[in-house]
Protein chains: 2
Amino acid sequence: MPSKPTDITDDVPEVVVLRLPQYVRALGELFRQKVVVVSSQQLGIQLQMTPAQIRKDLSYFGRFGKQGRGYPVGYLLGELRQVLGLERKWNSCLVGVGRLGRAIINYPGFTPEGFNVVAAFDTAPSEIGETIGSLVVQPIVELERTIKEQDIRIGIVAVPATKAQEVIDQLVRCGVKAILNYAPTGPQVPEGVRVRNVDPILALQSMTYYLKSD
Amino acid sequence: MPSKPTDITDDVPEVVVLRLPQYVRALGELFRQKVVVVSSQQLGIQLQMTPAQIRKDLSYFGRFGKQGRGYPVGYLLGELRQVLGLERKWNSCLVGVGRLGRAIINYPGFTPEGFNVVAAFDTAPSEIGETIGSLVVQPIVELERTIKEQDIRIGIVAVPATKAQEVIDQLVRCGVKAILNYAPTGPQVPEGVRVRNVDPILALQSMTYYLKSD
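This one's a predicted model, so the numbers in the text were calculated from it and none came from an experiment. (Residues numbered from 1 in each chain as written. Chains lettered and ligands numbered in written order. Predicted model: local features only at pLDDT ≥ 70, side-chain atom pairs only at ≥ 80, totals over all residues.)

A. Just the packing of helix α1 (residues 14-32) of chain B against helix α4 (residues 73-84) of chain B, in detail. All names here are of chain B. Contact pair α1 / α4: the axes reach a minimum separation of 9 Å and the direction vectors enclose 145 degrees. Crossing hand, α1 versus α4: left-handed. For the pair α1 and α4, contact is made by Leu-20, Pro-21, Tyr-23, Val-24, Leu-27, Gly-28, Leu-30 and Phe-31 and by Val-73, Gly-74, Leu-76, Leu-77, Leu-80, Arg-81, Val-83 and Leu-84, respectively. By residue class, the composition of the contact of α1 with α4 is 13 nonpolar, two polar and one charged. (Axes fitted to C-alpha atoms, helices over the stretch in contact; angles between N-to-C directions. Helix = DSSP H or I, 4+ residues; strand = E, 2+ residues; numbered from the N terminus. Left-handed = near helix turned anticlockwise from the far one by under 90°. Contact = placed C-beta atoms within 7 Å. Nonpolar A, V, L, I, M, F, W, Y, C, P; charged D, E, K, R; others polar.)

B. Structural detail: unusual backbone geometry. Residues and elements named next belong to chain A. Unusually for a residue other than glycine, Asp-151 sits at a positive phi of about 50 degrees. With respect to the helices and strands, Asp-151 occurs in the loop between α6 (143-149) and β7 (152-157). For Asp-151, a count of 10 C-beta atoms within 10 Å translates into the label exposed. (Buried ≥ 20, exposed ≤ 12 C-beta atoms within 10 Å, placed from the backbone.)

C. Up close: the interface of chain B and chain A. Taken residue by residue, the interface counts 45 residues in chain B and 45 residues in chain A. Counting residues per element, the ones that place at least two in the side of chain B that touches chain A are α1, α4, α5 (99-106), β7 (152-157), β8 (178-181), β9 (194-197) and α8 (200-211) of chain B. Examining the composition of the side of chain B that touches chain A, we find that 12 residues originate from one element, α8 of chain B, more than from any other. Within the side of chain B that touches chain A, the residues separate by chemical class into 28 nonpolar, eight polar and nine charged.

D. Highlighting the packing of helix α8 (residues 200-211) of chain A against α1 of chain B. Following both chains from N to C, one finds α8 of chain A and α1 of chain B inclined at 120 degrees, their axes separated by 8 Å at the closest point. Between α8 of chain A and α1 of chain B, the angle is such that the two are oblique. Helix-helix and strand crossings are classified by hand; for α8 of chain A and α1 of chain B the assignment is right-handed. In this structure, α8 of chain A contributes Leu-202, Gln-205, Ser-206 and Tyr-209 of chain A to the contact, and α1 of chain B contributes Val-17, Leu-18, Leu-20, Pro-21, Gln-22 and Val-24 of chain B. Class assignment for the residues of the contact of α8 of chain A with α1 of chain B results in seven nonpolar, three polar and no charged. (Parallel < 35°, antiparallel > 145°, perpendicular 65-115°, else oblique.)

E. Representation of the pairing of strand β8 (residues 178-181) of chain A within the structure. Residues and elements named next belong to chain A. Residue alternation in β8 divides its side chains into two sets, Ala-178 and Leu-180 and Ile-179 and Asn-181, and both sets are buried. For β7 and β8, the ladder comprises four bridges, and the chain directions are parallel. By the bridge assignment, Val-157 is partnered in β8 with Asn-181. Read from β7 through helix α7 (residues 161-173) to β8, the crossover connection turns out right-handed. (Pairing = 2+ DSSP bridges. Right-handed = clockwise from strand over helix to strand, strands pointing away.)

F. Structural detail: the pairing of strand β4 (residues 115-122) of chain B. Residues and elements named next belong to chain B. Counting buried positions over the eight residues of β4 gives six, a clear majority of the element. When β4 meets strand β6 (residues 135-139), the two strands line up parallel, connected through three bridges. The partner of Ala-120 across the bridge, within β6, is Val-137.

So, in C-alpha coordinates, the structure goes:
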(Lines give C-alpha, C1' and ligand atoms only; values in the text may rest on other atoms or scores of the structure.)
Protein backbone atom coordinates (compact mmCIF):
# COMPACT_ATOMS: atom_id res chain seq x y z
CA MET A 1 0.00 0.00 0.00
CA PRO A 2 1.28 3.47 -0.78
CA SER A 3 1.69 5.55 2.34
CA LYS A 4 -0.63 8.47 3.04
CA PRO A 5 0.76 11.89 2.16
CA THR A 6 2.44 13.62 5.03
CA ASP A 7 1.47 17.09 6.13
CA ILE A 8 1.55 19.58 3.32
CA THR A 9 3.03 22.89 4.29
CA ASP A 10 3.48 26.18 2.54
CA ASP A 11 7.11 25.24 2.05
CA VAL A 12 6.30 23.76 -1.34
CA PRO A 13 8.06 25.99 -3.89
CA GLU A 14 5.64 27.76 -6.24
CA VAL A 15 7.48 26.34 -9.24
CA VAL A 16 6.50 22.85 -8.04
CA VAL A 17 2.88 23.89 -7.58
CA LEU A 18 2.96 25.28 -11.12
CA ARG A 19 3.98 21.85 -12.43
CA LEU A 20 1.35 19.84 -10.51
CA PRO A 21 -1.46 20.49 -13.02
CA GLN A 22 0.76 19.00 -15.72
CA TYR A 23 1.21 15.86 -13.64
CA VAL A 24 -2.54 15.69 -13.14
CA ARG A 25 -3.16 16.01 -16.86
CA ALA A 26 -0.57 13.36 -17.77
CA LEU A 27 -1.83 10.96 -15.09
CA GLY A 28 -5.43 11.54 -16.17
CA GLU A 29 -4.47 10.58 -19.71
CA LEU A 30 -2.73 7.40 -18.47
CA PHE A 31 -5.73 6.58 -16.28
CA ARG A 32 -8.07 6.84 -19.26
CA GLN A 33 -5.73 4.49 -21.12
CA LYS A 34 -6.11 2.06 -18.19
CA VAL A 35 -2.42 2.23 -17.29
CA VAL A 36 -2.10 1.03 -13.67
CA VAL A 37 1.51 1.88 -12.78
CA VAL A 38 3.86 4.46 -14.26
CA SER A 39 7.58 4.97 -13.65
CA SER A 40 9.20 8.35 -13.17
CA GLN A 41 11.09 7.57 -16.38
CA GLN A 42 7.87 7.17 -18.37
CA LEU A 43 6.32 10.27 -16.80
CA GLY A 44 9.55 12.11 -17.52
CA ILE A 45 9.39 11.32 -21.23
CA GLN A 46 5.80 12.49 -21.40
CA LEU A 47 6.44 15.70 -19.47
CA GLN A 48 9.92 16.35 -20.85
CA MET A 49 11.41 16.40 -17.37
CA THR A 50 14.08 14.27 -15.70
CA PRO A 51 12.89 11.34 -13.54
CA ALA A 52 14.86 12.82 -10.63
CA GLN A 53 12.92 16.09 -10.88
CA ILE A 54 9.63 14.22 -10.91
CA ARG A 55 10.54 12.12 -7.87
CA LYS A 56 11.63 15.26 -6.03
CA ASP A 57 8.47 17.20 -6.92
CA LEU A 58 6.17 14.37 -5.82
CA SER A 59 8.09 13.76 -2.60
CA TYR A 60 6.72 17.07 -1.25
CA PHE A 61 3.29 15.50 -1.06
CA GLY A 62 3.96 12.03 0.29
CA ARG A 63 5.56 8.72 -0.56
CA PHE A 64 3.60 7.57 -3.56
CA GLY A 65 5.73 4.90 -5.16
CA LYS A 66 7.58 1.83 -4.04
CA GLN A 67 11.28 1.91 -4.85
CA GLY A 68 11.69 0.49 -8.35
CA ARG A 69 7.98 -0.26 -8.79
CA GLY A 70 6.69 3.01 -10.17
CA TYR A 71 3.70 5.09 -9.13
CA PRO A 72 0.13 3.75 -8.86
CA VAL A 73 -1.62 5.93 -11.47
CA GLY A 74 -5.14 6.12 -10.04
CA TYR A 75 -4.03 6.71 -6.47
CA LEU A 76 -1.46 9.36 -7.36
CA LEU A 77 -3.97 11.11 -9.62
CA GLY A 78 -6.55 11.22 -6.83
CA GLU A 79 -4.06 12.50 -4.28
CA LEU A 80 -2.72 15.25 -6.55
CA ARG A 81 -6.24 16.33 -7.49
CA GLN A 82 -6.92 16.60 -3.75
CA VAL A 83 -3.72 18.56 -3.17
CA LEU A 84 -4.69 21.02 -5.91
CA GLY A 85 -8.26 21.38 -4.69
CA LEU A 86 -9.73 19.95 -7.88
CA GLU A 87 -12.29 17.71 -6.18
CA ARG A 88 -14.72 20.60 -5.82
CA LYS A 89 -16.25 23.26 -8.07
CA TRP A 90 -14.88 26.81 -8.18
CA ASN A 91 -16.96 29.82 -9.12
CA SER A 92 -15.38 32.64 -11.08
CA CYS A 93 -16.49 35.95 -12.52
CA LEU A 94 -15.39 37.59 -15.73
CA VAL A 95 -14.69 41.32 -16.01
CA GLY A 96 -14.68 42.70 -19.56
CA VAL A 97 -17.04 41.35 -22.21
CA GLY A 98 -15.25 42.43 -25.40
CA ARG A 99 -14.34 39.91 -28.10
CA LEU A 100 -11.94 38.07 -25.80
CA GLY A 101 -14.34 38.11 -22.84
CA ARG A 102 -17.08 36.62 -25.02
CA ALA A 103 -14.77 33.86 -26.20
CA ILE A 104 -13.98 33.11 -22.53
CA ILE A 105 -17.66 32.91 -21.54
CA ASN A 106 -18.33 30.57 -24.45
CA TYR A 107 -15.15 28.51 -23.94
CA PRO A 108 -16.31 24.94 -23.38
CA GLY A 109 -13.15 23.89 -21.50
CA PHE A 110 -13.76 25.42 -18.08
CA THR A 111 -16.89 23.64 -16.83
CA PRO A 112 -15.71 20.03 -17.30
CA GLU A 113 -12.68 20.93 -15.19
CA GLY A 114 -14.83 22.28 -12.36
CA PHE A 115 -14.43 25.98 -13.14
CA ASN A 116 -17.71 27.83 -13.63
CA VAL A 117 -17.98 31.39 -14.91
CA VAL A 118 -21.08 32.44 -12.99
CA ALA A 119 -21.10 36.22 -13.50
CA ALA A 120 -19.92 38.78 -16.06
CA PHE A 121 -19.21 42.48 -15.57
CA ASP A 122 -18.34 45.45 -17.74
CA THR A 123 -17.91 49.18 -17.30
CA ALA A 124 -19.39 50.16 -20.67
CA PRO A 125 -23.07 51.13 -20.23
CA SER A 126 -23.78 49.73 -23.72
CA GLU A 127 -22.88 46.21 -22.58
CA ILE A 128 -24.79 46.16 -19.29
CA GLY A 129 -27.88 43.98 -19.36
CA GLU A 130 -26.82 42.12 -22.49
CA THR A 131 -27.04 38.32 -22.32
CA ILE A 132 -23.91 36.39 -23.30
CA GLY A 133 -24.19 32.63 -23.09
CA SER A 134 -26.30 32.19 -19.97
CA LEU A 135 -25.01 35.32 -18.23
CA VAL A 136 -26.48 38.82 -18.03
CA VAL A 137 -23.70 41.43 -18.03
CA GLN A 138 -23.73 43.39 -14.76
CA PRO A 139 -22.38 46.83 -13.96
CA ILE A 140 -19.13 46.85 -12.02
CA VAL A 141 -20.88 48.38 -8.97
CA GLU A 142 -22.50 44.97 -8.44
CA LEU A 143 -19.10 43.28 -8.13
CA GLU A 144 -18.88 43.07 -4.35
CA ARG A 145 -22.44 41.92 -3.75
CA THR A 146 -22.31 39.28 -6.48
CA ILE A 147 -18.91 37.94 -5.37
CA LYS A 148 -20.24 37.42 -1.84
CA GLU A 149 -23.60 36.01 -2.89
CA GLN A 150 -22.21 33.54 -5.40
CA ASP A 151 -19.10 32.55 -3.46
CA ILE A 152 -16.86 33.68 -6.31
CA ARG A 153 -13.21 32.89 -5.57
CA ILE A 154 -11.56 33.54 -8.93
CA GLY A 155 -11.59 36.69 -11.07
CA ILE A 156 -11.01 36.47 -14.81
CA VAL A 157 -9.84 39.78 -16.26
CA ALA A 158 -10.31 40.53 -19.96
CA VAL A 159 -10.28 44.32 -19.99
CA PRO A 160 -7.79 46.50 -21.93
CA ALA A 161 -4.28 46.75 -20.45
CA THR A 162 -4.87 50.32 -19.23
CA LYS A 163 -7.80 49.23 -17.05
CA ALA A 164 -6.46 45.90 -15.77
CA GLN A 165 -4.75 47.12 -12.59
CA GLU A 166 -7.82 49.06 -11.47
CA VAL A 167 -10.12 46.09 -12.07
CA ILE A 168 -7.75 43.72 -10.29
CA ASP A 169 -7.56 46.11 -7.32
CA GLN A 170 -11.36 46.04 -7.14
CA LEU A 171 -11.47 42.24 -7.27
CA VAL A 172 -8.86 42.03 -4.51
CA ARG A 173 -10.82 44.49 -2.34
CA CYS A 174 -13.83 42.19 -2.75
CA GLY A 175 -11.78 39.31 -1.32
CA VAL A 176 -10.78 37.54 -4.53
CA LYS A 177 -7.39 35.85 -4.11
CA ALA A 178 -6.88 34.27 -7.51
CA ILE A 179 -6.76 36.29 -10.74
CA LEU A 180 -6.58 34.89 -14.23
CA ASN A 181 -5.38 37.91 -16.20
CA TYR A 182 -5.77 38.07 -19.98
CA ALA A 183 -4.76 41.74 -20.21
CA PRO A 184 -1.24 42.27 -21.61
CA THR A 185 0.16 43.73 -18.42
CA GLY A 186 1.95 42.56 -15.30
CA PRO A 187 -0.36 43.65 -12.49
CA GLN A 188 0.68 44.20 -8.88
CA VAL A 189 -1.15 42.34 -6.16
CA PRO A 190 -0.73 42.18 -2.39
CA GLU A 191 0.83 39.16 -0.74
CA GLY A 192 -1.53 36.22 -0.51
CA VAL A 193 -3.13 36.97 -3.88
CA ARG A 194 -2.07 34.92 -6.93
CA VAL A 195 -2.11 36.11 -10.52
CA ARG A 196 -1.61 33.98 -13.59
CA ASN A 197 -1.17 35.85 -16.82
CA VAL A 198 -2.48 34.30 -20.01
CA ASP A 199 -0.32 36.28 -22.38
CA PRO A 200 0.40 35.10 -25.92
CA ILE A 201 2.68 38.07 -26.68
CA LEU A 202 5.09 37.27 -23.83
CA ALA A 203 5.03 33.62 -24.93
CA LEU A 204 5.88 34.56 -28.52
CA GLN A 205 8.63 36.95 -27.46
CA SER A 206 10.31 34.25 -25.41
CA MET A 207 10.52 32.05 -28.53
CA THR A 208 11.88 34.57 -31.02
CA TYR A 209 15.04 34.65 -28.92
CA TYR A 210 15.71 31.15 -30.25
CA LEU A 211 14.45 31.82 -33.79
CA LYS A 212 16.53 34.86 -34.52
CA SER A 213 19.82 32.98 -34.84
CA ASP A 214 18.40 30.42 -37.30
CA MET B 1 28.77 54.96 -21.58
CA PRO B 2 27.29 51.52 -20.98
CA SER B 3 29.48 48.81 -22.42
CA LYS B 4 28.29 46.79 -25.41
CA PRO B 5 26.83 43.39 -24.60
CA THR B 6 29.32 40.61 -24.71
CA ASP B 7 28.79 37.52 -26.80
CA ILE B 8 25.48 35.87 -26.13
CA THR B 9 25.69 32.12 -26.00
CA ASP B 10 23.18 29.37 -25.60
CA ASP B 11 24.26 29.11 -21.99
CA VAL B 12 21.51 31.50 -20.99
CA PRO B 13 19.03 29.44 -18.92
CA GLU B 14 15.59 29.19 -20.49
CA VAL B 15 14.00 30.55 -17.32
CA VAL B 16 15.94 33.79 -17.87
CA VAL B 17 14.84 33.96 -21.51
CA LEU B 18 11.26 33.50 -20.31
CA ARG B 19 11.62 36.57 -18.09
CA LEU B 20 13.15 38.86 -20.73
CA PRO B 21 9.83 39.80 -22.34
CA GLN B 22 8.65 41.01 -18.94
CA TYR B 23 11.71 43.25 -18.67
CA VAL B 24 11.01 44.57 -22.15
CA ARG B 25 7.41 45.34 -21.24
CA ALA B 26 8.35 47.09 -17.98
CA LEU B 27 11.14 49.09 -19.64
CA GLY B 28 8.83 50.04 -22.53
CA GLU B 29 6.34 51.40 -20.01
CA LEU B 30 9.08 53.41 -18.24
CA PHE B 31 10.35 54.68 -21.61
CA ARG B 32 6.87 55.94 -22.53
CA GLN B 33 6.77 57.70 -19.15
CA LYS B 34 10.08 59.38 -20.14
CA VAL B 35 11.99 57.74 -17.28
CA VAL B 36 15.71 57.89 -18.20
CA VAL B 37 17.34 55.70 -15.56
CA VAL B 38 15.90 52.87 -13.46
CA SER B 39 17.45 51.00 -10.56
CA SER B 40 17.24 47.24 -10.10
CA GLN B 41 15.26 48.06 -6.93
CA GLN B 42 12.61 49.98 -8.89
CA LEU B 43 12.44 47.31 -11.60
CA GLY B 44 12.20 44.70 -8.88
CA ILE B 45 9.15 46.32 -7.32
CA GLN B 46 7.45 46.55 -10.70
CA LEU B 47 8.26 42.95 -11.65
CA GLN B 48 7.93 41.48 -8.16
CA MET B 49 11.47 40.13 -8.25
CA THR B 50 14.52 40.77 -6.10
CA PRO B 51 17.05 43.35 -7.35
CA ALA B 52 19.75 40.65 -7.14
CA GLN B 53 17.80 38.40 -9.49
CA ILE B 54 17.36 41.23 -11.98
CA ARG B 55 21.06 42.12 -11.92
CA LYS B 56 21.97 38.48 -12.41
CA ASP B 57 19.51 37.99 -15.30
CA LEU B 58 20.70 41.10 -17.14
CA SER B 59 24.37 40.27 -16.61
CA TYR B 60 23.99 37.42 -19.13
CA PHE B 61 23.61 39.98 -21.88
CA GLY B 62 26.20 42.59 -21.03
CA ARG B 63 27.09 45.28 -18.53
CA PHE B 64 24.21 47.68 -18.77
CA GLY B 65 24.38 49.74 -15.62
CA LYS B 66 27.03 51.66 -13.74
CA GLN B 67 27.45 50.51 -10.15
CA GLY B 68 24.99 52.47 -8.06
CA ARG B 69 23.67 54.52 -10.97
CA GLY B 70 20.92 52.28 -12.31
CA TYR B 71 20.18 51.17 -15.85
CA PRO B 72 19.74 53.54 -18.80
CA VAL B 73 16.13 52.77 -19.79
CA GLY B 74 16.20 53.47 -23.53
CA TYR B 75 19.51 51.75 -24.14
CA LEU B 76 18.64 48.64 -22.11
CA LEU B 77 15.24 48.43 -23.80
CA GLY B 78 16.85 48.57 -27.25
CA GLU B 79 19.44 45.96 -26.38
CA LEU B 80 16.92 43.52 -24.90
CA ARG B 81 14.62 43.95 -27.89
CA GLN B 82 17.59 43.10 -30.08
CA VAL B 83 18.46 40.07 -27.93
CA LEU B 84 14.89 38.79 -28.23
CA GLY B 85 14.70 39.42 -31.98
CA LEU B 86 11.90 41.95 -31.62
CA GLU B 87 13.33 44.49 -34.08
CA ARG B 88 11.89 42.59 -37.03
CA LYS B 89 8.50 41.20 -38.08
CA TRP B 90 7.61 37.52 -37.63
CA ASN B 91 5.10 35.69 -39.78
CA SER B 92 2.90 33.04 -38.21
CA CYS B 93 0.13 30.74 -39.36
CA LEU B 94 -2.92 29.59 -37.45
CA VAL B 95 -4.21 26.03 -37.56
CA GLY B 96 -7.81 25.61 -36.42
CA VAL B 97 -10.45 28.24 -37.10
CA GLY B 98 -13.06 27.37 -34.48
CA ARG B 99 -14.29 29.97 -32.00
CA LEU B 100 -10.87 30.30 -30.40
CA GLY B 101 -9.04 30.43 -33.75
CA ARG B 102 -11.34 33.21 -34.94
CA ALA B 103 -10.67 35.21 -31.78
CA ILE B 104 -6.94 34.77 -32.40
CA ILE B 105 -7.18 35.99 -36.01
CA ASN B 106 -9.16 39.01 -34.88
CA TYR B 107 -6.99 39.69 -31.81
CA PRO B 108 -5.62 43.21 -32.26
CA GLY B 109 -2.59 42.66 -30.00
CA PHE B 110 -0.29 40.69 -32.29
CA THR B 111 0.44 43.10 -35.17
CA PRO B 112 1.62 46.09 -33.11
CA GLU B 113 4.16 43.74 -31.49
CA GLY B 114 5.52 42.60 -34.85
CA PHE B 115 3.66 39.27 -35.02
CA ASN B 116 1.55 38.81 -38.14
CA VAL B 117 -0.90 35.97 -38.65
CA VAL B 118 -0.54 35.62 -42.43
CA ALA B 119 -2.29 32.30 -43.09
CA ALA B 120 -5.06 30.15 -41.60
CA PHE B 121 -5.67 26.43 -42.00
CA ASP B 122 -8.31 23.93 -41.01
CA THR B 123 -9.06 20.29 -41.68
CA ALA B 124 -12.85 20.64 -41.82
CA PRO B 125 -13.98 20.92 -45.48
CA SER B 126 -16.81 23.23 -44.36
CA GLU B 127 -14.30 25.86 -43.22
CA ILE B 128 -12.02 25.81 -46.26
CA GLY B 129 -12.31 28.88 -48.46
CA GLU B 130 -14.08 30.94 -45.82
CA THR B 131 -12.73 34.45 -45.23
CA ILE B 132 -11.93 35.36 -41.60
CA GLY B 133 -10.53 38.83 -41.09
CA SER B 134 -8.31 39.24 -44.14
CA LEU B 135 -7.43 35.53 -44.41
CA VAL B 136 -8.92 32.81 -46.58
CA VAL B 137 -8.93 29.48 -44.72
CA GLN B 138 -6.71 26.96 -46.56
CA PRO B 139 -6.76 23.17 -46.46
CA ILE B 140 -4.00 21.61 -44.38
CA VAL B 141 -2.39 20.11 -47.53
CA GLU B 142 -1.28 23.64 -48.41
CA LEU B 143 0.66 23.94 -45.14
CA GLU B 144 4.14 23.20 -46.43
CA ARG B 145 3.94 25.33 -49.57
CA THR B 146 2.48 28.31 -47.72
CA ILE B 147 5.00 28.11 -44.89
CA LYS B 148 7.87 28.22 -47.38
CA GLU B 149 6.36 30.91 -49.60
CA GLN B 150 5.41 33.26 -46.77
CA ASP B 151 8.48 32.65 -44.60
CA ILE B 152 6.29 31.51 -41.71
CA ARG B 153 8.38 30.81 -38.61
CA ILE B 154 5.71 30.43 -35.93
CA GLY B 155 2.73 28.06 -35.79
CA ILE B 156 -0.31 28.92 -33.69
CA VAL B 157 -2.35 25.85 -32.82
CA ALA B 158 -6.02 26.18 -31.90
CA VAL B 159 -7.35 22.71 -32.72
CA PRO B 160 -9.01 20.32 -30.23
CA ALA B 161 -6.67 18.54 -27.80
CA THR B 162 -6.99 15.23 -29.64
CA LYS B 163 -5.64 16.73 -32.86
CA ALA B 164 -2.94 18.99 -31.44
CA GLN B 165 0.00 16.57 -31.51
CA GLU B 166 -0.67 15.61 -35.12
CA VAL B 167 -0.90 19.25 -36.23
CA ILE B 168 2.24 20.17 -34.32
CA ASP B 169 4.11 17.25 -35.92
CA GLN B 170 3.07 18.55 -39.34
CA LEU B 171 4.23 22.08 -38.52
CA VAL B 172 7.57 20.76 -37.28
CA ARG B 173 8.01 18.68 -40.47
CA CYS B 174 7.49 21.90 -42.45
CA GLY B 175 10.38 23.50 -40.55
CA VAL B 176 8.47 25.52 -37.95
CA LYS B 177 10.52 25.79 -34.74
CA ALA B 178 8.20 27.84 -32.53
CA ILE B 179 4.71 26.70 -31.57
CA LEU B 180 2.15 28.71 -29.66
CA ASN B 181 -0.23 26.01 -28.47
CA TYR B 182 -3.75 26.87 -27.32
CA ALA B 183 -4.90 23.24 -27.17
CA PRO B 184 -5.18 21.87 -23.61
CA THR B 185 -2.42 19.33 -24.02
CA GLY B 186 1.31 19.05 -23.44
CA PRO B 187 2.69 18.22 -26.89
CA GLN B 188 6.01 16.53 -27.56
CA VAL B 189 8.47 18.23 -29.88
CA PRO B 190 11.99 17.35 -31.01
CA GLU B 191 14.99 19.19 -29.60
CA GLY B 192 15.44 22.62 -31.11
CA VAL B 193 11.70 23.27 -31.31
CA ARG B 194 10.04 25.46 -28.68
CA VAL B 195 6.46 25.23 -27.50
CA ARG B 196 4.63 27.71 -25.32
CA ASN B 197 1.27 26.60 -24.04
CA VAL B 198 -1.43 29.17 -23.54
CA ASP B 199 -3.51 27.20 -21.14
CA PRO B 200 -6.00 28.82 -18.78
CA ILE B 201 -6.96 25.50 -17.15
CA LEU B 202 -3.40 24.76 -15.99
CA ALA B 203 -3.16 28.35 -14.76
CA LEU B 204 -6.38 28.03 -12.75
CA GLN B 205 -5.38 24.66 -11.32
CA SER B 206 -2.11 26.08 -10.05
CA MET B 207 -4.04 28.72 -8.08
CA THR B 208 -6.69 26.52 -6.45
CA TYR B 209 -3.82 24.90 -4.52
CA TYR B 210 -3.61 28.16 -2.58
CA LEU B 211 -7.36 28.80 -2.42
CA LYS B 212 -8.37 25.46 -0.97
CA SER B 213 -6.97 26.13 2.50
CA ASP B 214 -8.73 29.52 2.82
